[in-house]
Amino acid sequence: MEDWYHDAVFYELYIRAYQDSNGDGQGDFRGAIARLDHIKSLGVNCIWIMPHYASPLLDGGYDISDYRDVHPDFGTLADFKAFLDAAHARGLRVITDMVMNHTSDQHPWFQAARQDKNSPYRDYYVWSDTGTEYAETRIIFLDVEKSNWTYDEVAGQYFWHRFYSSQPDLNYDNPKVHEEMFDIMRFWLDMGIDGFRVDAIPYLYEREGTNCENLPETHDFLQKMRRMVDSEYPGTLLIAEANQWPEDLLPYFGTPENPEFQVCFHFPIMPRLYQALRAQDKTPIVEIWAQTPAIPSGTQWMTFLRNHDELTLEMVTPEVRQWMWEQYAPEPRMRLNLGIRRRLAPLLDFNGEKWFLLHALFLSLPGTPIVYYGDEIGMADNIWLPDRHGCRTPMQWDASKNAGFSDANETYLPVNDDYHQRNVAVQEDDPNSYLNRLRFLLQTRQSQPALRRGDFEFVETGNGAVLAFRRFVSDQLAVSGEQLAMSDGHSVRGQWVLCVFNLSDVVQQVGLAVAGGYQDLLHPDSLPLVGDMLNVPPHAAWWLVKT
Ligand code: GLC
């Protein structure tokens, strides 16, 4: 089905971290194949693999030196293909990361470009004699980089880079770069992948007098990319990584006539979920939805709680950022650039009730959810490691050597100390573990068409600590071929779900009329709720349907 992504749950997989099959201390595709049943068991439908290409790995593989090969530590092209086939055999789709904005400085294009002014590759990159252009452009990795220009001795010029200076930006004013990128996409699509998460797309073009983000030229290129994909590989999914405000995100969906991406990450909502929980106040969530524009039919948001990067605070005000740092990153080493380099469970102090509430909230908001590897067992972070490495440590499978990740004496990053207690095997046997509760939440969500595809409206509770909204399937909407009986607006189970969250740590009274009795899907054994005034227990999360 063309728009399968509306009904899917995604899983973000770091091959390097998942399972080592050959004892070199690095995860690889062969190892990951052996763990596909775990991924499947979560109830997810699609895997996004972080960059698996040849790379010096100075930025987690987002610095590619050969787009047509697998990093030798992770396996071979044949291993990749075997992984893809094994995932498909289990009904799991696979998308890969497409890093378009820049290459590694080790890429042969850059090596040729810097060595010879007359090389055809010189114009694949962005050069300057002075390094003073585009001065209004912010620096993203500002803990490390002082400028977006770096002088290259060999080239005798400055080159432009939005990320590390080992990642020169490609020059999209050169149409040859477009064709190179399209050929790379064709290469992987020919192998049978289902789409791409396209990295760092706001930054493709530079223009004097602008902040060099979200430029019209960038949108023209992205439309061209979509036209290529739609005509040559129809049905391919493109997901946009654009860490921008909602009004700047909207154009990345394009228009029905000139589409760009089917799915965009909703960056601004993410920190506000944590903010609302800590402040015990729903306002940040309500406000950001008010600012979130309606999106074209057939497109979808992607929602997430964490990923492989720092928890970004780029899309909040400086005051909120400061407050979030104080609340969630009290130690300086927990901070990075404009974010927080910690994992999900430790951000919540491993508090199971808050964990459940935050997941129930995130999984009932509009959008296709994605879960970051390791978060399904509430993995901890290691703030003593540099950069974002502390959130990218080996997956913890069991209590054996290196958590079952590898039998090497040294792994690519140290395994977290707590793996004896915190691992998949232990959690399999515990019905209340993160792992089993996440499975339950995903299964429950997926059983409700309204939670997957429904419309969204806030429901007034008269209480700032209690967030409530309704997800509902409108009359016209046919859901995944399931024709729901629409005649009576409120009588079919699954047609709508009333979601209620007490963000505070005390009982809250709310005026919500639940005449006739409502059943909570998240606590199926509890008695139905009836009445006009409800007492909502601390940190309660309810998904209510009519009994
Ligand atoms: C994206 C990736 C991040 C990477 C950056 C540069 O933001 O998520 O990990 O460092 O792009 O490629």
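Refer to the preceding data block for the structure.
Definitions and limits used
Residues numbered from 1 in each chain as written. Predicted model: local features only at pLDDT ≥ 70, side-chain atom pairs only at ≥ 80, totals over all residues. Heavy atoms only, no water. 1 Å grid on protein atoms, 1.4 Å probe; cavity = no way out; pocket = protein on both sides within 12 Å on 5 of 7 lines; lining within 4 Å. Points joined across faces, edges and corners; volume = space filled by probe spheres on them. Helix = DSSP H or I, 4+ residues; strand = E, 2+ residues; numbered from the N terminus. Nonpolar A, V, L, I, M, F, W, Y, C, P; charged D, E, K, R; others polar. Near = heavy atom within 4 Å. Polar contact = N/O pair within 3.5 Å; in protein donor to acceptor, adjacent residues only side chain to side chain. Areas by Shrake-Rupley, 256 points an atom, 1.4 Å probe, with all protein chains shown as cover. Sits in = over half its atoms within 2 Å of the grid points. Phe/Tyr/Trp six-rings, centres within 6.5 Å; stacked < 30°, edge-to-face > 60°. Buried < 20%, exposed > 50% of the residue type's maximum accessible area, 1.4 Å probe, protein only. Lys NZ or Arg CZ within 6 Å of the ring centre and 35° of its normal.

K.L.:
Before we move on, can you summarise the layout of surface pockets with the specific residues and values?
P.N.:
In this structure, the largest pocket encloses a volume near 540 Å³. What lines the largest pocket is a set of 21 residues, and nearest its centre among them are Thr299, Gln300, Arg453, Gly454 and Asp455. Elements supplying a minimum of two residues to the lining of the largest pocket: β12 (300-304), α16 (449-453) and β17 (455-458). The class makeup of the residues in the lining of the largest pocket is 7 nonpolar, 9 polar and 5 charged. One number sums up the size of the second largest pocket: a volume of about 230 Å³. Lining the second largest pocket are 17 residues, and of these Tyr5, Arg226, Pro259, Gln262 and Gly298 sit closest to its centre. Each residue belonging to the lining of the second largest pocket can be placed in one class, and the counts come to 6 nonpolar, 7 polar and 4 charged.

K.L.:
So what about the site of the ligand? Which residues, and what values?
P.N.:
Taken together, Asp59, Tyr62, His102, Phe141, Phe163, Arg197, Asp199, Glu241, His308, Asp309, Arg388 and Arg392 make up all the residues around the ligand. Arginine 197 places a side-chain nitrogen or oxygen 3.0 Å from an oxygen atom of the ligand. The separation between an oxygen atom of the ligand and a polar side-chain atom of aspartate 199 is 2.9 Å. Bound to the protein, the ligand loses 95% of the 300 Å² it would expose on its own. Spatially, the ligand is embedded in the largest cavity.

K.L.:
Before we move on, could you go through the packing of aromatic side chains and cite the residues and values that matter?
P.N.:
As enumerated under the stated definition, the model contains 42 aromatic pairs in all. Pairing tyrosine 53 with tyrosine 67 gives two aromatic rings, centres 6.1 Å apart and planes at 50°, and the pair type is tilted. Pair noted here: tyrosine 53 is in strand β3 (residues 53-54) and tyrosine 67 is in strand β4 (residues 66-70), with a separation of 14 residues, a long-range link. By the burial criterion, tyrosine 53 is buried, and tyrosine 67 matches it. Judged by centre distance (5.7 Å) and plane angle (40°), the ring pair of phenylalanine 469 and phenylalanine 501 falls under tilted. With phenylalanine 469 in strand β18 (residues 466-472) and phenylalanine 501 in strand β19 (residues 496-502), this residue pair connects regions lying 32 residues apart in the sequence. Ring pairing ties together the aromatic residues Phe29, Tyr53, Tyr67, Phe80, Phe83, Trp109, Tyr121, Tyr124, Phe187 and Trp188, which thus form one cluster. The positively charged end of arginine 343 is found above the aromatic ring belonging to tyrosine 373, 4.7 Å away from the centroid.

K.L.:
How would you explain unusual backbone geometry if you had to name every residue and give the values?
P.N.:
Although it is not a glycine, alanine 403 adopts a positive phi angle of roughly 60°. On the accessibility criterion, alanine 403 (0% relative accessible area) is buried.

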